[in-house]
Amino acid sequence: MKNKTINNKLLRLLPSESLDLLLPCLDFVELTSGETIDHVNRPIEHLYFVNRGVISLVKVMRDGRSVEVGAVGIEGITDPIALFGIDDAVIEAMVQVPGNAFRVGRKVLSSRMAEDAALRDLMQRYARFAYGQLVQTAACNRLHMLTQRACRWILTTHDSALADSFSLTHEFMAMMLGVPRSSVTLAVRELREAGFISYSRGRMNVIDRAGLRDASCECYFENIAEMKRLFGSIPPDLDDVPNQG
């Protein structure tokens with residue numbers, strides 16, 4: 001475990017003594033694209049500190065349609081509500097961009113929180129941040145243009161993929177944005193013609209990150225500002241995520 005690079009911001013924000021106590025409880029696992037790690041109304045056994053990649057929080061409707069209402073990347077952990085007495089998942093959690101994570105048993109992490117004030121405080125602040133993300137996403141989906149939202153999601157995904165090129169299919173983008181695939185095709189074409197991205201065979205390549213930032217809605221920046229407000233100093237090498245290839 002000590003030889004694994006820690007990209008997850010929550011783990012990096014822990015005091016060294018808290019991190020040293022938590023590390024033996026963590027399992028390093030691979031995240032496979034399309035893998036569902038939490039099912040609605042089923043017990044939450046593990047939580048995942050995302051270390052690379054993106055896990056989508058998905059609402060599935062009765063007719064089978066689904067939409068992403070939030071996402072967890074290297075800034076966070078899945079299902080923080082499980083740490084405060086909620087045993088069953090209230091939303092599907094599915095791997096959107098493959099990568100890896102540090103997995104921990106729910107009961108184990110709850111026990112460590114009871115013993116460690118710094119860990120408990122960090123998890124409480126992250127639970128607030130995660131709730132704020134859901135609120136921001138709901139407003140974004142209702143008020144902002146599709147192209148703006150697409151830029152936001154590509155930037156967010158880019159941050160946690162830790163690479164300029166990553167897997168992102170039309171199906172996932174349609175689910176992320178809550179629109180038909182035909183609308184995704186038009187949005188991708190617009191961003192490609194602007195020179196911001198290239199896209200082929202389910203592979204997204206970010207070419208002009210500054211252009212995406214300029215074209216994004218305010219929500220991308222609001223989430224970053226809220227993280228800084230709640231967590232204070234973020235490790236500088238992760239404040240504006242580097243591309244590791």
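What you see is a predicted model; the values in this text were computed from it and never measured. (Residues numbered from 1 in each chain as written. Predicted model: local features only at pLDDT ≥ 70, side-chain atom pairs only at ≥ 80, totals over all residues. Heavy atoms only, no water.)

1. A closer look at the sheet that holds strand 6 (residues 165-167)
- Spatially, the three strands line up as an open sheet ordered 6-8-7, and their pairing is antiparallel. Only two strands of the sheet have a single neighbouring strand rather than two, namely strand 6 and strand 7 (197-200). Within the sheet, the average angular offset between the axes of one strand and its neighbour, ignoring direction, is 20°.
- Relative to strand 6, helix 5 (residues 146-161) is tilted by about 100°, and along the sheet it contacts strand 6, strand 7 and strand 8 (203-206). (Pairing = 2+ DSSP bridges. Helix = DSSP H or I, 4+ residues; strand = E, 2+ residues; numbered from the N terminus. Axes fitted to C-alpha atoms, helices over the stretch in contact; angles between N-to-C directions. Contact = heavy atoms within 4.5 Å.)

2. Section: the packing of helix 6 (residues 170-177) against helix 7 (residues 181-193)
- For the pair helix 6 and helix 7, interaxial distance at closest approach is 9 Å and the crossing angle is 100°. As summarised for this structure, helix 6 and helix 7 are arranged roughly perpendicular, according to the angle between their axes. For the pair helix 6 and helix 7, the contacting residues are His170, Glu171, Met173 and Ala174 in the first and Arg181, Val184, Thr185 and Val188 in the second. (Parallel < 35°, antiparallel > 145°, perpendicular 65-115°, else oblique.)

3. Observations regarding the nonpolar core
- Counting 41 residues, the largest nonpolar core has Leu11, Leu22, Phe49, Leu109 and Met123 as its most contacted members.
- Elements supplying a minimum of two residues to this core: helix 1 (9-13), helix 2 (16-22), strand 1 (27-31), strand 3 (46-60), strand 5 (92-105), helix 3 (106-115), helix 4 (117-143) and helix 9 (219-231).
- Excluding residues within four positions of it along the chain, Leu11 makes contact with Ile6, Leu19, Leu22, Leu26, Phe49 and Phe102.
- Membership of the second largest hydrophobic core comes to 30 residues, among which are Val58, Leu177, Phe196 and Met204. (Core = buried A, V, L, I, M, F, W, Y, C linked by side-chain atoms within 4.5 Å. Buried < 20%, exposed > 50% of the residue type's maximum accessible area, 1.4 Å probe, protein only.)

4. Here we look at the environment of Ser110
- Along the chain, Ser110 turns up in helix 3.
- For Ser110, a relative accessible area of 25% corresponds to the partly exposed category.
- For the pair Ser110 and Phe84, spaced 26 residues apart in the sequence, the C-alpha separation amounts to 8.2 Å.
- When sequence neighbours within four positions are dropped, the list of residues in contact with Ser110 reads Ala82 and Leu83.

5. Some words on the confidence of the model for the protein chain
- Per-residue pLDDT for the protein chain has a mean of 89; in total, 93% of the residues score no lower than 70.
- In the model of the protein chain, helix 10 (residues 236-239) stands out as the element of lowest mean pLDDT, 41, in contrast to strand 1, which has the highest, 97.
- Here residues 235-245 is modelled with pLDDT under 50, and outside its nearest four sequence neighbours on either side it reaches 26 contacts, counting other chains as well. (pLDDT = per-residue confidence, 0-100.)

6. Considering empty space enclosed by the protein
- By the definition in use, this model includes one cavity of 30 Å³ or more.
- Along its surface, the largest cavity is lined by Ala150, Trp153, Ile154, Leu168, Met173, Met176, Leu177, Val184, Ala187, Val188 and Leu191.
- Secondary-structure elements contributing two or more residues to the lining of the largest cavity are helix 5, helix 6 and helix 7.
- Considered class by class, the residues forming the lining of the largest cavity number eleven nonpolar, no polar and no charged. (1 Å grid on protein atoms, 1.4 Å probe; cavity = no way out; pocket = protein on both sides within 12 Å on 5 of 7 lines; lining within 4 Å. Points joined across faces, edges and corners; volume = space filled by probe spheres on them. Nonpolar A, V, L, I, M, F, W, Y, C, P; charged D, E, K, R; others polar.)

7. Some thoughts on unusual backbone geometry
- The phi angle at Asn41 is positive, at roughly 65°, despite the residue not being glycine.
- Here Asn41 lies in the loop between strand 2 (36-38) and strand 3.

8. Section: the environment of Pro98
- Checked against the element boundaries, Pro98 lands in strand 5.
- By relative accessible area, Pro98 is classed as partly exposed at 35%.
- With residues near it in sequence (within four places) discarded, Pro98 still touches Leu31, Ser33, Arg52, Gly53 and Ser167.

9. Some remarks on the pattern of salt bridges
- Summed over the entire model, instances satisfying the criterion amount to nine salt bridges.
- Ionic pairing is found between Glu226 and Arg229, a salt bridge with its closest N-O pair at 3.1 Å. Of this pair, Glu226 and Arg229 are both found in helix 9, three residues apart, which corresponds to roughly one turn of the helix.
- Several salt bridges converge on common partners, so that one network encompasses Arg128, Glu226 and Arg229. (Salt bridge = Lys/Arg side-chain N within 4 Å of Asp/Glu carboxyl O.)

10. Examining the packing of helix 4 against helix 9
- The N-to-C vectors of helix 4 and helix 9 enclose an angle of 165°; their axes lie 10 Å apart at closest approach. In terms of their interaxial angle, helix 4 and helix 9 are classed as roughly antiparallel. The interaxial crossing formed by helix 4 with helix 9 has right-handed handedness. When helix 4 is examined against helix 9, the residues Leu122, Arg125, Tyr126, Arg128, Phe129, Gln133, Gln136 and Cys140 are found in contact with a partner set consisting of Cys219, Glu222, Asn223, Glu226, Met227, Arg229, Leu230 and Phe231.
- Residue composition of the contact of helix 4 with helix 9, by class: eight nonpolar, three polar and five charged. (Left-handed = near helix turned anticlockwise from the far one by under 90°.)

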